[in-house]
Amino acid sequence: RTTPTAYRRVLLKLSGEAFGGGKVGVAPDVVRGIAEQIATAVNSGVEVAIVVGGGNFFRGKQLQEQGMDRTRADYMGMLGTVMNCLALQDFLEEAGIDTRVQTAITMGQVAEAYIPRRAIRHLEKGRVVIFGAGAGMPFFSTDTVSAQRALEIKCDIVLMSKHGVDGVYNSDPRRNPDATKLDQVTYEQALQQDLKVVDAAAFSLCRENGLPMLVFGMDGERNITRALLGEPLGTLVTS
Ligand code: UDP
């Protein structure tokens, strides 16, 4: 398979669920470990932008199922992602990395607003930019936002880390014990076979714009560093 190596600039999506270490809230040791892995890659020269999820706090759809208004619940979900951004910022700075948080919902006391050209400048200066509050719009997911941000700030690839799965399988590995992991897959196959590990909207956006995606498991000891440095792991998804 042809894994693109030595990226110049990447977009890393981190699932919020991982930040909680299996619980609601933030598990500082887990976030510190993730930050240290990112720092290793940044120190070797790759420009890193990050989108953080919020599943460890709230998922709009789940709150809706329990009777809440969907859009208000989605805003709660987006606010949850910002708490994760601040936690990650803290541990990245502890690891000696300069960072900026930019949010899609403005909150001037805690973060910059999302300004794409400014984000690019930060990256060029070696700062890690962490994007919070998703797209700022209900009914979107942080997977989709990752693809959008990667396109807008001109990343070479979107690296979708997943918690509990290590790539794209030919069917759901949690239900089908015979499911096999794919090294490489096209967006078309992933969409046609409804391989749900990443949102269909994120797959479509990448496909239409020729942006490659790596889906990988973040649970291994060095997996995040390896993905950021272009080492082969997970599943590469291409047009
Ligand atoms: N969300 C949203 N719009 C966005 C991004 C996120 O409404 O652009 C909300 C949505 O309710 C979602 C929650 O924020 O469930 C947390 O994000 P996500 O589920 O993508 O986090 P992850 O699963 O990656 O932890």
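Numbering of residues begins from 1 in every chain and follows the order in which that chain's sequence is written. The model is predicted, so local features are restricted to residues of pLDDT at least 70 and side-chain atom pairs to those at 80 or more, both for listing and for counting; the totals for chains, interfaces and linings are taken over all residues.

A. Highlighting unusual backbone geometry. Even without being a glycine, alanine 133 presents a positive backbone phi close to 65 degrees. The numbering of helices and of strands both runs from the N terminus, where a helix is a DSSP run of H or I of at least 4 residues and a strand a run of E of at least 2. Along the chain, alanine 133 falls in the loop between strand E5 (128-132) and helix H6 (142-152). With 27 C-beta atoms counted inside 10 Å, the residue alanine 133 sits in the buried group. Look at phenylalanine 139: it is not a glycine, yet its phi comes out positive at around 70 degrees. When you line up the elements, phenylalanine 139 lands in the loop between E5 and H6. Counts of 20 or more other C-beta atoms within 10 Å of a residue's own C-beta define buried residues, counts of 12 or fewer define exposed ones, and intermediate counts define partly exposed ones; C-beta atoms are placed from the backbone.

B. Here's a closer look at the nonpolar core. In terms of nonpolar packing, the biggest core is built from 70 residues, with Ile38, Val48, Ile50, Leu88, Val158 and Leu159 touching the most fellow members. Placing C-beta atoms from the backbone, we regard two residues as in contact once those atoms come within 7 Å. For isoleucine 38, the residues in contact, after removing those within four places along its chain, are Val48, Leu92, Val128, Ile224 and Leu228. Each nonpolar core consists of buried Ala, Val, Leu, Ile, Met, Phe, Trp, Tyr and Cys residues. Their C-beta atoms, within 7 Å, join them into a set.

C. Spatial organisation of the UniProt feature "binding site: ATP" (unreviewed entry) in the chain. UniProt positions are given in the numbering used here, feature names are shortened, and annotations may be inferred rather than shown by experiment. Here, UniProt's "binding site: ATP" (unreviewed entry) annotation points to Lys13, Leu14, Ser15, Gly16, Gly55, Arg59, Tyr169 and Asp172. Spatially, the listed residues are scattered: they cover 160 residues, and their C-alpha atoms lie as much as 24.3 Å apart. The residue leucine 14 is located in strand E1 (residues 9-14) in this model. Not counting residues within four places of it along the chain, the set of residues in contact with leucine 14 comprises Ile34, Ile50, Val52, Gly53 and Ser161.

D. Highlighting the site of the ligand. Any residue whose backbone-placed C-beta atom lies within 6 Å of a molecule or strand is treated as near that molecule or strand. Close to the ligand lie 21 residues; Gly53, Gly55, Gly60, Gly77 and Gly134 are nearest. Elements with a contribution of two residues or more to the shell around the ligand: helix H1 (16-19), helix H3 (60-65), helix H4 (70-94) and H6. By residue number, the principal contributor to the shell around the ligand is H4, which donates four residues. Gly counts as polar in this scheme, as do all residues outside two lists: the nonpolar Ala, Val, Leu, Ile, Met, Phe, Trp, Tyr, Cys and Pro, and the charged Asp, Glu, Lys and Arg. Considered class by class, the residues forming the shell around the ligand number six nonpolar, eleven polar and four charged.

E. A look at the UniProt feature "binding site: UMP" (unreviewed entry) in the chain. Under the UniProt annotation, "binding site: UMP" (unreviewed entry) lies at Gly54, Asp74, Ala135, Gly136, Met137, Pro138, Phe139, Phe140, Ser141 and Thr142. These residues run over 89 residues, yet every pair of their C-alpha atoms falls within 14.1 Å of each other. For serine 141, the position within the fold is in the loop between E5 and H6. With respect to the helices, strands and loops of the structure, threonine 142 is situated in helix H6. Each residue touching threonine 142, except ones within four places of it in the same chain, is listed here: Lys13, Val51, Gly53, Thr81 and Gly134.

F. Inspection of the environment of methionine 137 at higher detail. Tracing the backbone shows methionine 137 in the loop between E5 and H6. For methionine 137 and alanine 119, which are 18 residues apart along the polypeptide, the C-alpha to C-alpha distance reads 20 Å.

G. Examining the sheet that holds strand E6 (residues 157-162) more closely. What the nine strands build is an open sheet, ordered E4-E3-E5-E2-E1-E6-E8-E9-E7; its pairing is mixed. The two strands at the open ends of the sheet, each matched to only one other strand, are strand E4 (112-113) and strand E7 (184-186). Judged from the six bridges that link them, E1 and strand E2 (residues 47-52) form a sheet pairing that is parallel. In the sheet register, valine 10 faces E2, and the bridge partner there is valine 48. Strand contacts of H6: E1, E2, E5 and E6, with the helix running at about 170 degrees to E1, the strand carrying the most contacts. We treat two strands as partners when DSSP finds at least two bridges between them. The axes used here are C-alpha line fits, helices contributing only the stretch in contact, and every angle between their N-to-C directions lies in the interval 0 to 180 degrees.

H. Inspection of H6 at higher detail. Across the eleven residues of H6, nine count as buried, placing the element largely inside the fold. Those residues of H6 that fall on the buried side of the exposure criterion are Thr142, Asp143, Thr144, Val145, Ser146, Ala147, Gln148, Arg149 and Ala150. Contacts from the buried residues of H6 go to E1, E2, H4, E5, E6 and helix H8 (200-209). Count one or two residues on from H6 and you reach lysine 154, which has phi positive near 60 degrees.

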